[in-house]
Every structure is written in structure tokens, then in C-alpha cells.
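What follows is each chain in one-letter form.
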Amino acid sequence: MSGPITITPLTGIPEVREGDDLVEVLQVGLDHSGVSLADGDVLVVSSKIASKALGLVTHDPDKDRVVRGETEYVVAERVVGDRVTRIVRAKAGPIMAAAGVDGSNTGARGGWLLLPHDPDAVCEHLHDALLERHGVRVGVVLSDTAGRPWRVGQVDFALGAHGVEVLDDLRGGADADGRPLEVTTRALADEVAAAADLAKGKVSAVPAALLRGLPDVLVPESRTSHLRGRDLVRTGPGDWFGYGRVEAVRAALGVEPGSADATAVGVPPAGDDTRIDAVGRAVRVALHGVPSATADVGPLTVTLGADTAYDLGRLVTRLCAALWCEWLEGTPSAPSADGLSVEVHVSGAQRG
């Protein structure tokens, strides 16, 4: 890929409605932009217009219920304002906020747009239809937007792909200095999706873009199968981040994120919080699963009680772990003479 790469926004595309043929929709954009598909081109299409064409919309006013219906499991959750925001593994495949359920740019119809559960199949159908119509080899990427761990802001990524090499595995090769490459695998489809978003975008009503100058990104015609967008999602032992920082510890204490138990003990907020609220949540998590336990809660101390010394020891350990989830530290004093109660001192400034 040593030559120039061009990115052309496909303008003039009207509001997409349920039942619209995406090939016809994209043809409008190609014609309006004065370009014709050529061998080696890659089309990047916003998932939003695919969802509209497929009729993936609901008018259920309860967004939380809609998100639950599109969720495989919850990774992390925080209270943001007056609602709980959840990062989840969506049925569409990726880890993302609110399972990709989106109420922006929905047109006059309104409601919540849902992601297709098989984005790669959408890309394959579109790829085959474009090939039949234009007679040229093209790649298709269905893009969506998500935040990223450790980085501020959102970026477009490949929700689905067909006819495109989604990964460029450089392991076993050498860098420019001749040193061996041992871990580098480029997410080509994600790079293509992000590049295309520089020309389209969320506020300009441009839902597709054409990238030219990337012939090596296309899958060779001789290959009968290839990796797809879903293959970019880490799963199983390769997923080092299956829970958020707080949720991993709370889950180990028996409080799974997104569950009724998590709601009962309280979901931590994303912003400001009071110490007494934070300590209260930690205590409720600690008491979960220890039926005989009692707790007298204050902002600086918690007095724990249990029917047996063994349960008291479990309770102290659970409370110290739960306090850690609230960015606090628990230091137990010596137990009472009968060994059935103990005072735990709470220190540290909870996250603001």
C-alpha cells in the first residue's frame, strides 16, 4: 500500500426507510458524488442506514428494557445522572455501551435503532449485490461507533465486513530496522472504518464513503473463506477484560453486573458520590451471601457482627474487597472478646 489513498464521501443519500434496497441507496450516493465503483474499492457503510433499511427500530419508551434485549452479558455499569449506563457484549458481537441501541439520527420515525445481530451477513449480501451490479471486486465494511478502554473519545470500527482482510498479521516478519515482529497484528478493517469516518460523520448526513487505493486489503478471489468483523471480538481466554475493574471484584463476591443483585446492593456512580453512600454499597455487597451477618454503618467505621467467628472472618474479608471497589480501604481492629463482632475503620477518598 505505497500509493495514494483517497476517501470520497457519498453525498446526496436521502433518508433511508424500512424496505429500501441498500444497493440502490448507495448508487444514489455514487451518482451524486460523481464516482463509479472500480476494482479494488472498499465501501464503508454506516450501520445506521442498514438498521433503517432492515426495519430494526423499536418505539419501546423503556431504553433499559431495549438494551437488556440486545445484550448477551454486562461488562461494566455505572450510574450516570438518573439512569444506569451499561457496557455490554451486544448480540451484534462487540463490547459497547448500551448494546449499540441509539436514538440519534433516526429520522422522522424516531424510536431506538438496533444493530443487526449478524453484521457480517449484511455485508456479504451487500457485497454480492454490488458485484452482480457493477462487475468489479469490492470490499464492504459496516461501521459503527464505540468508545475504547484506556482512551478518551469514540471512534468508528468495523462492525461487519466481507471481501476485506480484517487483520494484517505481521508476526514472523521484520520491522524497518530488521528486528523480528512478534506480536503486531493490525486491525485493518477497523483502520478502514475509522479512516472513512473522516469523510462521512454523525452530523453531516453522509452515511457512506468510498476508499480507493487499497487493493491489497481485498480478499483474493481464490480464497473461499476469510475472517470477518465478528472475528475481531476477543472472546474466551483471549479476553483479558471480560469485566470492568469494579465488576470483576463484585462478581467474585457473588454480585454479577446487570443482575437484580447488583441493583439491590447499588450500582456505583460514574461521578461524584458521598462517602456514606459508598460505604453503604460496600457493606451491602459484603453482606450478600452471609445470612447471619449484621452491620452498623458510619462514614468512618463499620461494626460487623456474625453468629460464628468463621462467618465474621469471611465478612471482614468481603467488606475490605467491596470497599476497594469504592476506592476506599478497610482496616479491621481486634475482634470483640467473644469473637463475634469487629470494627472496621474506613479510609481513603472515594472516587470523585
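In short, a report on the structure. Bear in mind the structure is a predicted one, so any value in this text is a computation, not a measurement.

## Let's talk about the packing of helix α1 (residues 22-33) against helix α4 (residues 119-134)
Viewed as axis vectors pointing N to C, α1 and α4 meet at an angle of 60 degrees, and their least axial separation amounts to 10 Å. Our classification of the angle between α1 and α4 gives oblique. By crossing handedness, the relation of α1 to α4 is classed as right-handed. Where α1 abuts α4, its residues Leu22, Val23, Glu24, Leu26, Gln27 and Leu30 lie against Leu126, Ala129, Leu130, Arg133 and His134. Among the residues making up the contact of α1 with α4, the classes are represented as 7 nonpolar, 2 polar and 2 charged.

## A look at the sheet that holds strand β5 (residues 83-90)
Spatially, β4-β5-β6 is the arrangement adopted by the 3 strands of the open sheet, whose pairing is antiparallel. With partners counted over all chains shown, the strands left at the sheet margins are β4 (71-80) and β6 (95-97), one partner each. With strand direction ignored, the average angle separating the axes of adjacent strands in the sheet is 25 degrees. Pairing geometry for β4 and β5, over 8 bridges, is antiparallel. The residue of β5 that forms the bridge with Ala76 is Ile87.

## Some details on the pattern of salt bridges
Within this structure, the stated rule accounts for 18 salt bridges. With its nearest N and O atoms 2.6 Å apart, the salt bridge here joins Asp102 to Lys48. Taken together, the residues span a long stretch of sequence, with Asp102 in the loop between β6 and β7 (112-113) and Lys48 in helix α2 (residues 47-54) at a distance of 54 residues. Of the charged contacts in the structure, one is a salt bridge between Arg228 and Glu124, with a shortest N-O distance of 3.5 Å. Residue Arg228 is found in the loop between β12 (208-212) and α6 (245-252), and its partner Glu124 is found in helix α4; the two are separated by 104 residues along the sequence. Overlapping salt bridges, with partners in common, bring together Asp60, Asp62 and Arg65 in one network.

## Observations concerning the packing of aromatic side chains
If you walk through the whole model with that rule in mind, you get 2 aromatic pairs. Ring geometry for Trp240 against Phe241: centres 6.4 Å apart, planes inclined by 55 degrees, an arrangement best described as tilted. Since its relative accessible area comes to 40%, Phe241 is described here as partly exposed. Through a chain of ring-to-ring contacts, three or more aromatic side chains come together here, namely Trp150, Trp240 and Phe241. Here the basic side chain of Arg245 rests over the ring of Trp324, its NZ or CZ set 3.8 Å away from the ring centre.

## Notes on the side chain of Arg89
Within the secondary structure, Arg89 sits in strand β5. This buried residue, Arg89, is left without a salt bridge; Glu72 holds the nearest opposite charge, at 4.1 Å. If we ignore the near neighbours within four places in the chain, the residues touching Arg89 are Glu70, Thr71, Glu72, Tyr73, Val75, Pro94, Ile95, Arg230, Val233 and Thr235.

## Section: α2
Residue pairs spaced three or four apart in an α-helix point in one direction, given the helix's 3.6 residues per turn. Within α2, 7 of the 8 residues are buried, which leaves it mostly tucked inside the rest of the structure. Turning to α2, its buried residues number three or more, namely Ser47, Lys48, Ile49, Ala50, Ser51, Lys52 and Ala53. Of the surrounding secondary structure, the elements contacted by the buried residues of α2 are α1, β2 (41-46), β7, α4, β8 (138-148) and β9 (151-162).

What counts as what
- Residues numbered from 1 in each chain as written.
- Predicted model: local features only at pLDDT ≥ 70, side-chain atom pairs only at ≥ 80, totals over all residues.
- Heavy atoms only, no water.
- Axes fitted to C-alpha atoms, helices over the stretch in contact; angles between N-to-C directions.
- Helix = DSSP H or I, 4+ residues; strand = E, 2+ residues; numbered from the N terminus.
- Parallel < 35°, antiparallel > 145°, perpendicular 65-115°, else oblique.
- Left-handed = near helix turned anticlockwise from the far one by under 90°.
- Contact = heavy atoms within 4.5 Å.
- Nonpolar A, V, L, I, M, F, W, Y, C, P; charged D, E, K, R; others polar.
- Pairing = 2+ DSSP bridges.
- Salt bridge = Lys/Arg side-chain N within 4 Å of Asp/Glu carboxyl O.
- Phe/Tyr/Trp six-rings, centres within 6.5 Å; stacked < 30°, edge-to-face > 60°.
- Buried < 20%, exposed > 50% of the residue type's maximum accessible area, 1.4 Å probe, protein only.
- Lys NZ or Arg CZ within 6 Å of the ring centre and 35° of its normal.
- Lys, Arg positive; Asp, Glu negative; His and termini not counted.

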